[in-house]
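Summary of the model geometry
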Amino acid sequence: MADVVVLGAGIAGHTAALHLRRLLGKKGEHTVTVVSPNSHWNWIPSNIWVGVGRMDRSDVVFPLEPVYRKKGIVFRQAKAVALWPEGDDTDARGAVDIVYTGQGRDGEQERLRYDYLVNATGPRLRFEATEGLGPDGHTVSVCTADHAIDAARALAETIERLKAGQPQTLVVGTGHGTCTCEGAAFEYVFNVDHELRSAGVRDLARLIYLSNEARLGDFGVDGMTFEDQGFQTSSETWTASLFRERGVEAILGAHVSRVEEGLVHYETLDGSSHRLGFDFAMLLPPFGGVGLAAYDASGNDLTADLFAPSGFMKVDANYTPSSYEEWGPEDWPETYQVPGYPRVFAVGIAFAPPHPISRPRTSPNGTVISPAPPRTGMPSGVMGKTVARTIVDRITQGEDAPAHRASMAHMAAACVASAGTGLRTGSAASMTMMPVVPDYRRYPTGRDLAHTKGEIGLSGHWVKLTLHHLFLHKAKARLGWQFIPE
């Protein structure tokens, strides 16, 4: 009998748990336990629609416990605080310390034993990295469903002021020089534009996209090149056309250093400092690890050995410091196994990337202004399923069973970025890339042009809306869920 523990119930962790239970069977011979501080699952890509008032919280979240009960998965509503990958003085099996956040056991501590562990804890939202950033400061967020509800409320108030004839400045983007998720900011700024136009107040609104990207269309993946009928177009040119068409201003290469009431302070890549007044601002925070500690069997601290300074977990990647010119696809992890601990894995946002994907940039003042690598839903789901298959093979075939592999330097990804909702008036930017991490040695543009495409239009909105319902169906483990691709 083997006990598998999954930390986190986001896209990567939830996917891993469902596939583990499916592949191991429900007879009770092996256990699958999910530990998550949140009682609900959130389809985060649709938070942008909650954030403009087009969807309710109930449209993007559902309770986890009934799904896990139905599938034979044990659920612990708790946060993980420490790992014991070598066991402790009472038991040689690995363990994780958890602190309950619900189920009538708030604050209670427990040490769970495992044979295999999947760390899928996702990000800590580091609003504190920028003074005045976030819901407890002077800006709103769409990082969680609850944040998005507050954002929608603030946006509605802004629109009411516009209707009263008061000009307003709206700022959407990244709130720190090392942020990721530029795609979410891109989606939100154009959904805001769409709402302003629908309300008939766009002419009174100044809408600004403030980003740490050095170029439009970078998206934290070093940009893309698309080919259509023999002509090549960069994602920068492709994206800039939408900004011009919608009248959205772009401030690029920006690090937000401080936010005051109605005022953003930021530095740009040339080292100069600026101030920008606003009436409404949605700025995303940088991400970090959740703060797990790690100890050996004697209680000695292993945290620095297992985790990068960012708090993300080290896996089978090449973490040797090197320049952009020296980076290669072989630097990226394939199995997501933690070195020295063959029964511990980290997937999704929880694993530490070996380096950024975009070219790193620093201002003359030494300020890093460069997107961190995104680990979006599709790659995260693929990682979760891949690690689940590895664990199942090792449980059923023996510990020497080879690991399944899924490197971001080889896998393709699709992204449908909403630019406004509505069955007849909506639009979206549909993008595919192959691979996610560019390989300039193999492809002149970094990616396979046959599988790297971009298109903007109404059909993209229909695709995104369809995906919303498909992935909620999949996450609820309803009939045929396993046939819906990650």
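These notes cover the structure that comes with them. Here the structure is a predicted model, which means the values were calculated and not measured. (Residues numbered from 1 in each chain as written. Predicted model: local features only at pLDDT ≥ 70, side-chain atom pairs only at ≥ 80, totals over all residues. Heavy atoms only, no water.)

1. Considering the pattern of salt bridges
Applying the stated criterion across every chain, the model contains 28 salt bridges. Arg105 is the partner of Glu108 in a salt bridge, and the nearest nitrogen-oxygen pair spans 2.6 Å. A relative accessible area of 35% means that Glu108 is categorised as partly exposed. Look at Arg105 and you get partly exposed, because its relative accessible area is 26%. Linking Arg105 and Glu110 is a salt bridge whose minimum nitrogen-to-oxygen distance equals 3.6 Å. (Salt bridge = Lys/Arg side-chain N within 4 Å of Asp/Glu carboxyl O. Buried < 20%, exposed > 50% of the residue type's maximum accessible area, 1.4 Å probe, protein only.)

2. A look at the nonpolar core
Of all hydrophobic cores here, the largest spans 118 residues; its most connected members are Leu7, Leu83, Phe186, Tyr188, Ile391 and Met408. The residues contacting Ile391, other than those within four sequence positions of it, are Val4, Leu20, Tyr116, Val118 and Phe345. (Core = buried A, V, L, I, M, F, W, Y, C linked by side-chain atoms within 4.5 Å. Contact = heavy atoms within 4.5 Å.)

3. Considerations on empty space enclosed by the protein
Regions of empty space are outlined by a rolling probe, equal in size to a water molecule, passed over the atoms. One pass over the structure, following the stated rule, counts one cavity of 30 Å³ or more. Each pocket or cavity is described by its volume, and for the largest cavity that value is around 40 Å³. In this structure, the largest cavity is lined by Asn119, Thr121, Gly122, Gly289, Val290, Gly291, Leu292, Phe307, Gly311, Phe312, Met313 and Ala350. (1 Å grid on protein atoms, 1.4 Å probe; cavity = no way out; pocket = protein on both sides within 12 Å on 5 of 7 lines; lining within 4 Å. Points joined across faces, edges and corners; volume = space filled by probe spheres on them.)

4. Regarding the packing of aromatic side chains
In the structure shown here, the tally under the stated rule is 13 aromatic pairs. Look at Phe186 and Phe243: their rings are 6.3 Å apart centre to centre, the planes differ by 50°, and that puts the pair in the tilted class. Of this pair, Phe186 sits in helix H5 (residues 182–198) while Phe243 sits in helix H6 (residues 235–246); the two residues are 57 residues apart in sequence, bridging distant segments of the chain. A single burial state applies to Phe186 and to Phe243, both of which are buried. Taken together, the ring pairs connect Phe186, Phe190, Tyr209, Phe219 and Phe243 into an aromatic cluster. (Phe/Tyr/Trp six-rings, centres within 6.5 Å; stacked < 30°, edge-to-face > 60°. Helix = DSSP H or I, 4+ residues; strand = E, 2+ residues; numbered from the N terminus.)

5. Remarks on unusual backbone geometry
Here the residue pair Met434 and Pro435 is connected by a cis peptide bond, since its omega of -5° sits within 30 degrees of zero. Within the secondary structure layout, Pro435 lies in the loop between strand E24 (428–433) and strand E25 (453–457). Of note, Cys181 is a non-glycine position whose phi angle comes to about 65°, a positive value. Residue Cys181 is classed as partly exposed on the basis of its relative accessible area of 30%.

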